[in-house]
Amino acid sequence: MQCRICGTLLFDTLTMLPFKIGADAIVIVKDLPVAQCSICQEFLIHDGVMERVEALLERVGQTSELEVVRYAA
C-alpha cells in the first residue's frame, strides 16, 4: 500500500495516538497497529482496527480528562 500524500510504501508499525472523546476528555491508545509512511509520517488505521478502537473508546469513562489504554490484539 502506498502513502496517499507522497507515494512511498507504507509499513506496519505500532504507535500511540490521542483520541478526543468529549469536550475535555482525551484517550491515548498505546500499541495501536497502523500502516505508516517512513518519509512524511502519514498513517492509515485499517477499518477492523478502527472498529476495535471505537469499542475501546466507548468503554472509557467520560469523567476523566486523560486516560491511557492499551490496544491489545
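Please refer to the structure higher up on the page.
Here we summarise the structure given alongside this text.

About the criteria used
- Residues numbered from 1 in each chain as written.
- Predicted model: local features only at pLDDT ≥ 70, side-chain atom pairs only at ≥ 80, totals over all residues.
- Heavy atoms only, no water.
- Helix = DSSP H or I, 4+ residues; strand = E, 2+ residues; numbered from the N terminus.
- Contact = heavy atoms within 4.5 Å.
- Areas by Shrake-Rupley, 256 points an atom, 1.4 Å probe, with all protein chains shown as cover.
- Lys, Arg positive; Asp, Glu negative; His and termini not counted.
- Charge placed at Lys NZ, Arg CZ, Asp CG, Glu CD.
- Core = buried A, V, L, I, M, F, W, Y, C linked by side-chain atoms within 4.5 Å.
- Buried < 20%, exposed > 50% of the residue type's maximum accessible area, 1.4 Å probe, protein only.
- Salt bridge = Lys/Arg side-chain N within 4 Å of Asp/Glu carboxyl O.
- Polar contact = N/O pair within 3.5 Å; in protein donor to acceptor, adjacent residues only side chain to side chain.

1. A word on the overall build of the chain
Regarding its fold elements, the chain presents 1 helix and 4 strands. Counting from the amino terminus, helix and strand elements in the chain follow one another as β-β-β-α-β. With the C-alpha coordinates of the chain rotated into their principal frame, the extents come out at 40 × 25 × 15 Å. Across the chain, contacts joining residues at least 24 apart in sequence account for 49% of those joining residues at least 6 apart. Carbon and sulfur atoms make up 53% of the accessible area of the chain, which amounts to about 5000 Å² in all. Treating the 6 positive side-chain charges of the chain as one cloud and the 10 negative ones as another, the clouds have centres 4 Å apart.

2. Details of the nonpolar core
Counting residues in hydrophobic clusters, the biggest one holds 16 residues, and the most contacted among them are Phe19, Val29 and Leu32. Every element with two or more residues in this core is listed here: strand 1 (10–20), strand 2 (26–37) and helix 1 (47–59). When neighbours within four sequence positions are excluded, Phe19 is seen to be in contact with Ala25, Ile26, Val27, Val29, Leu32, Ile45, Met50, Val53 and Leu57.

3. Quick word on the pattern of salt bridges
What the rule picks out here adds up to 2 salt bridges. Close ionic contact of Arg4 with Glu42 constitutes a salt bridge, the shortest N to O distance being 2.9 Å. Taken together, the positions of Arg4 in the segment before strand 1 and Glu42 in the loop between strand 2 and strand 3 (43–44) put the pair 38 residues apart, joining distant regions of the chain. Between Asp31 and Arg70 there is a salt bridge, with the nearest N and O atoms lying 2.1 Å from each other. With a gap of 39 residues between them, Asp31 in strand 2 and Arg70 in strand 4 (residues 66–70) connect regions that are remote in the sequence.

4. A few points about the side chain of Gln36
Among the structural elements, Gln36 can be located in strand 2. With a relative accessible area of 14%, Gln36 lands in the buried category. A polar contact of 3.2 Å, which involves the side chain of Gln36, links it to the side chain of Gln41. Ignoring sequence-local partners within four residues, the contact set of Gln36 consists of Leu9, Leu10, Phe11, Thr13, Gln41, Glu42 and Phe43.

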